[in-house]
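# Working through the structure, step by step
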Amino acid sequence: MSELPYLIVCHSDADVRARIAAHLRDTGRVDCVESLDGVLDLLALVAADCLVVELPPAPAERGVLGRITAAYPDMSVIAATAAPAFENVREVLRLGIHDIVAAPFDPAGLAAAVREGLARRRAAVSPGIRGTAVAVVSGKGGAGCTSIALHLTAALARRGTAVVVDADAPPFGTLAPAADLDTGATVAGLVRQHLPIESKVLNRAGAAHAAGFNVLGLWAASGDADEVPGVIPATLETLTAGLAFVVLDLGRPALPAQRLLARRAGLAVAVATLDLLALRNFRTLLDMLASDGVARVLPVLNREGGPASYTRGQAEAALGTPFAAALPESPRLGRCADDGVLLGAAAPDDPWWRAIERLAAEIVDRRREEFRGAVVAAP
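Remember, it's a predicted structure, so these values are computed and weren't measured experimentally.

### A look at the overall build of the chain
A tally of helices and strands in the chain yields 16 helices and 13 strands. Projecting the C-alpha coordinates of the chain onto the three principal axes gives extents of approximately 70 × 50 × 40 Å. In the chain, which comprises 379 residues, the proportion classed as buried is 50%. Considering only residue pairs separated by 6 or more positions, the chain has 75% of its internal contacts joining residues 24 or more positions apart. Of the accessible surface of the chain, which amounts to about 16,700 Å², a share of 53% is contributed by carbon and sulfur atoms. Between the centroid of the 36 positive side chains of the chain and the centroid of its 42 negative side chains there is a distance of 3 Å.

Okay, structure coming up:
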């Protein structure tokens, strides 16, 4: 959740990309790509503040560029074209792009145009492509939701922008202690102070993790659960407006506020373990998610390979659904939790962490497919 502007330079000429990027390094973080395909991959995971793009020659690609502009109305877009004739300018304007530079152009002058465009960006959040909210849920306590949510957010933060929200039933939230962080403010506390639910406020309320994401508490005391439901939609809308991934650590979603969060999530990671009570409750959990309209569920088996009464195959047969991922037993995970460090940092080759990375990669792929579907396939 950095305040440093994020800039994308898209040009087919590598030398031109390098010259533009060199003049923008002092303005913000810069990524360079050679085609709109690369732009789509980046924007699926991180909303950019400014896009400097070579005007594509093909009409279909220009249409995609127009839909990108519509998807991110707050993004400053500067189009470079070798032939800024009247027809070209009119077409660029129709795409929703109002800053045009002629090629060959002066990189220093272009950098000045980027800074001017950033200064003109509207402060208010406008409708556009939003991030993905991922609810991590289980049918009973002790299934490992907190560890999975924390590590999944760390893995997603390596690919895009992410935050993890502690929404376990109050007062049992454990995300901040598990991450060795101070609890900090909560959304319920913001409500009591009559503070607005907006990006800057939520950013300051969260605790920054060294792995590149924030930890935000939804509540702290038991009574907080009655104060929060009214601001849950605004909280998720604000977070997903600026972040690619919002991970919700729900644990067992028994409270109405937790059910509301699960319904508004775009994806649920449902966690089970190989014991009888967990599997019975897991079947109930899947039915509840279906009745709440959660269309996309990734069933995940935790601690496979340890002492258990059932095998993975027996559990899948009993549940009538395969597990999307199986996280192996990891003795090092408990030791890392005691030390307040992430397993991925202490033991990057641990099989449990590798499985989390694969799960994150699947979520990233889904996000990219959805983003492309929303942008490229739009009429």
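### Structural notes on unusual backbone geometry
For H194, which is not a glycine, the phi torsion comes out positive at approximately 60 degrees. When you line up the elements, H194 lands in the loop between helix 8 (187-192) and helix 9 (199-205). Phi at R303 takes a positive value of approximately 65 degrees, unusual for a residue other than glycine. Secondary-structure assignment places R303 in strand 12 (residues 297-304).

### Points about the environment of L359
If you trace the backbone, L359 turns up in helix 16 (residues 351-375). The exposure class assigned to L359 is buried, which follows from its relative accessible area of 1%. Note: C-alpha distance between L359 and V164 (195 residues apart in sequence) is 16 Å. Residues within four places of L359 in sequence aside, it is in contact with L152, V269, L298, V300 and A325.

What counts and how
Residues numbered from 1 in each chain as written. Predicted model: local features only at pLDDT ≥ 70, side-chain atom pairs only at ≥ 80, totals over all residues. Heavy atoms only, no water. Helix = DSSP H or I, 4+ residues; strand = E, 2+ residues; numbered from the N terminus. Buried < 20%, exposed > 50% of the residue type's maximum accessible area, 1.4 Å probe, protein only. Contact = heavy atoms within 4.5 Å. Areas by Shrake-Rupley, 256 points an atom, 1.4 Å probe, with all protein chains shown as cover. Lys, Arg positive; Asp, Glu negative; His and termini not counted. Charge placed at Lys NZ, Arg CZ, Asp CG, Glu CD.

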